[in-house]
Each structure stands twice: as structure tokens, then as C-alpha cells.
Amino acid sequence: MSKTLSRKELSLIGREGERIKNGLANLVEDFPNHAKTITGMSKWLTANKSTCQRMVETINKAVDGLEVINSLPGPAGLKGFIDLAEEKSLNPKLIDDARTVVQRFENLIYEYSRSHSALKKLIQDSNSTSTEKTSSKRDSRAALYEAAKNVTGESMDTSFFACIIKENDHDSKYLQQFTLSYYEGCRSSENSRPVMVPVVPGENTLDFEKPEVISQNDQKGDDLSYVSIIRELTSPSIIDHIKDFTHGENWMIVPTETDNNSELNIGVIKNYPKEQLGPFHGGKKASCVGAHTRYPTKNLYVMCFLDKKYAMRSVANAGIYSSGSQLINIINSPDALWFDRFHDEADLGLAGPNDDFSHKLGYPMANDLVDELFAMSKCDRNDYTCFLMQVEYPIWSTAYRMYFQYAID
């Protein structure tokens, strides 16, 4: 029987791939702007065009560490590339760091296989084998959903989360985040907990009393309140009790009248004008977004539209954490929370800003909800790269998070 890699080994290789990409992206970021395209890089370095193409595509398009390993040139090509870069009198530390990650790349190859091509084939074969286990894990999560629903008396058909991360137009030192959350088919019983909506900015606290009620036609942009309820996406019984809303540091409590036969929908848009200090201005070199699964949920959709300027300089990853993990800690150091990260799939996809998301996610409302997010925030979707996740029966009482580590000095 031929060798295959375990999920743990694939995860370890993926993490190494992320580190390798980060080291090489830092080096390329020090190139002049005209040398960051395939042709420009090849001419400036007098380097092989194929090598430059693979470098550019890896840095800009690889969405996880395994894709990095698959798309990078081999170690010999990378060493030659770095030698040419050194002749351009770039930052010596970036040259040394790049050589270090190439050495890690070589070590990785020979730890698991005989050559780069052999490692790529091994990863491909192992991924195919591991896919066979996906359906059984899905069935286990479905069983957990049913058990949690019976114990708590709570359930939700769909949790949809879409956000935009951009520079604040009025103060570019800060990153701004717009988030649209839609909770569909919420059910509760007499003894259920109240419905709660997360209100968790990255670094700055929010100061508001009650959420504003707005219409889908209200295209407010920066004038959006911190938290607003979207009338057309929210059940009338919630709108009628808006004065009874309360909130703590991390959650907004939604007043509802319990009716075992009723299903509630909730649409919320949030505006965090100063989500965090930007990485170009001394802020943390990572951003994190995610959706909590406070209630047993059938389908979870998470989308992040990241400003292209940041997307091309970032390594994106996804993880499943206990919902008690503090967002600020993940922003500080994503790898520091490895001990709180569930070993289960949180597959991250990449999409264009104008893709057919309803088809891609298999959720009919996806396109309309994304349209609402961009219309109400007044953002131009062509300025963004989309990262997305779809999970059937997400693990109850966890947070599915995307984080972006920026390759910025």
C-alpha cells in the first residue's frame, strides 16, 4: 500500500507552507513596484520568467499552505531567485529570512518524500484519501446538532456572515470593518436562552444604547451606526421590541416572544470605523474575522471581502476555536492559539468579488445579502478579494474564524 499523509501531517505541512510564503512575500514586497509583476520581476532580476510567474502566483493566489507547496518553484530555483535579489542591494535581513524559509522548504521535502514533485503528489493523493472521511465527519456533526438541539431547545437553519475590511477613508491609519449577519430560521422553546447577536470589535469598544432600525434602501456608508437592524430581513416581533434590546461587551441580547411554532429571522449590519490600527501604521500584522455558533446550526456561511492591497500581502487561513477565545488574542498571534484550535476541516476558498455566490455556496440568498452589504456600506466590490467558507452542521458552541497575516515590514 502506498504511503499517505495523515490529517495531522497535512496540517503541519500546511503551516510550514504559510511560513514559507510569508518569508518570500516579505522579500518581494521590498522590490520596486514595477518589479512585482511577472514580466517586470523577470526583467529587473534577469530571472527565469517561469520562476517569476510561480512566485507571483504563489504570493497572490495561494490561499493555504498546501497550495503554497504545490505552486512554488523548487528549492534550487528559489535559491537562484534569492541570489539575484541579493545583487539588487535589498534589505539583508529579508534576504537572510528568505534563505531560512527555503531551507525549511528543503527540510520539509526530505522529511516526507524524495523530491518536490514527489511531495506534491503525496499531498494530492493524501488529500484525496482524506476526502473519503469528510462525509463521516459531516454525519458526526449532524448527530451533534440533533443532540444539542434536543438538549437546549434551540436551533437555527442558517447563519450567514459577510464582512468588508478596508482602510478608513477619513483616517487611513485604521482598518474599518462592515459586517452583515443574517440568522434565518431561529427556533426556541420555553426554557431556551435569549437570542444573542455577537458585537465584538477587534480593538476598540463600542458605545451605543440601542440598535438603529434601517431599511435595505438606506445606503449610508460611513454614516451607518455601530449596530443596525435591517427591517426587511428581521421578524416583526423583534422590530416591535427594539426598545427592550440590551447589550454587554461582546453580545447584544434580542428580546423575543417565545413560540414553539414560530421561526425568527434577524438581519444586522455593523460598522466598526476603527476596527484596529492598520499594519502599515504600526498596528498588528494580522486581522481576524469570524462567526460564532452559539446555537445548534444547520448551515454556516462566512465571507470576507478584503481590500486587494492587503489581500496580495497576506497569508489567509481558517480555524475552528472555542467561542470563549478572545478575538484580540487571535489578532495578536494566530499561532499562539494552536492549543484552542479544533482539528477539523475549515476549508477556505477564494473567489472574485462579482462571482455568483448563490451558486458557489448553494445558498439562494447569498447574492442578495452580498449586494445589500456593498450597497449599504457604499463600498466598491471591485476593490476586494473574497475569501469564503461553507460548513454543514458547524460544531456547536465554537467560532469559525478566518485570519490574515500580513507580510509588511
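Our structure is the block above this text.
Because the structure is a prediction, the values reported are computed rather than measured.

Glancing now at the sheet that holds strand β9 (residues 286-292). The antiparallel open sheet is built from three strands, whose spatial order is β9-β14-β11. The open sheet has two edge strands, β9 and β11 (314-322), and neither has a second partner. Looking at each pair of strands side by side, their axes are set apart by 20° on average, direction ignored. Across the sheet, helix α1 (residues 7-29) touches β11 and β14 (398-406), and the angle it forms with β11 is around 145°.

On to the pattern of salt bridges. Under the criterion given, the structure shown has 21 salt bridges. In this structure, Glu29 and Arg313 form a salt bridge, with 2.8 Å as the shortest nitrogen-oxygen distance. Of this pair, Glu29 sits in helix α1 while Arg313 is found in the loop between α10 (308-311) and β11, placing the two residues 284 residues apart along the sequence. Here Glu29 falls in the partly exposed class, since its relative accessible area comes to 23%.

Moving on: the environment of Ala399. Position of Ala399 relative to the elements: it lies in strand β14. Put simply, Ala399 and Ser322 are 77 residues apart on the chain and 6.0 Å apart in space, counted from C-alpha to C-alpha.

All right, on to the pairing of β9 then. For β9, the tally of buried residues reaches six of seven residues, placing the bulk of the element in the interior. Looking at chain direction, β9 and β14 are connected through seven bridges and run antiparallel. Opposite Ala286, over in β14, you have Gln405 as the bridge partner.

One finds Ile13, Leu24, Leu27 and Phe31 to be the most contacted residues of the largest nonpolar core, which totals 41 residues. Every element with two or more residues in this core is listed here: α1, α2 (38-45), α3 (49-61), α4 (65-71), α5 (75-86), α6 (92-112) and α7 (116-131). A total of nine residues in this core trace back to one element, the largest contributor, which is α6. Ignoring anything within four residues of it in the chain, the contact list for Ile13 reads Leu5, Leu66, Ile69, Leu108, Tyr112, Leu119 and Ile123. The next biggest cluster of nonpolar side chains, apart from the first, holds 28 residues, and it includes Ile164, Phe178, Leu224 and Tyr363.

Taken as a whole, this structure holds four cavities of 30 Å³ or more when the rule is applied. Considering only enclosed or pocket space, the largest cavity measures out at about 120 Å³ in volume. Those elements that place two or more of their residues in the lining of the largest cavity are α1 and α3. Residues that form the lining of the largest cavity fall into these classes: six nonpolar, one polar and three charged. Roughly 80 Å³ of volume is contained in the second largest cavity. At the level of secondary structure, the elements contributing two or more residues to the lining of the second largest cavity comprise β1 (155-167) and β3 (195-198). Of the residues contributing to the lining of the second largest cavity, the split by class is six nonpolar, four polar and one charged.

So, on to the sheet that holds strand β6 (residues 246-247). Overall, antiparallel pairing links the three strands, which are arranged β3-β7-β6 in an open sheet. Where the open sheet ends on each side, the last strands, each with one partner, are β3 and β6. Bridge count between β6 and strand β7 (residues 251-254): two bridges; the pairing is antiparallel. Across the sheet, the residue bridging to Thr246 is Ile253, located in β7.

What counts and what doesn't
Residues numbered from 1 in each chain as written. Predicted model: local features only at pLDDT ≥ 70, side-chain atom pairs only at ≥ 80, totals over all residues. Heavy atoms only, no water. Pairing = 2+ DSSP bridges. Helix = DSSP H or I, 4+ residues; strand = E, 2+ residues; numbered from the N terminus. Axes fitted to C-alpha atoms, helices over the stretch in contact; angles between N-to-C directions. Contact = heavy atoms within 4.5 Å. Salt bridge = Lys/Arg side-chain N within 4 Å of Asp/Glu carboxyl O. Buried < 20%, exposed > 50% of the residue type's maximum accessible area, 1.4 Å probe, protein only. Core = buried A, V, L, I, M, F, W, Y, C linked by side-chain atoms within 4.5 Å. 1 Å grid on protein atoms, 1.4 Å probe; cavity = no way out; pocket = protein on both sides within 12 Å on 5 of 7 lines; lining within 4 Å. Points joined across faces, edges and corners; volume = space filled by probe spheres on them. Nonpolar A, V, L, I, M, F, W, Y, C, P; charged D, E, K, R; others polar.

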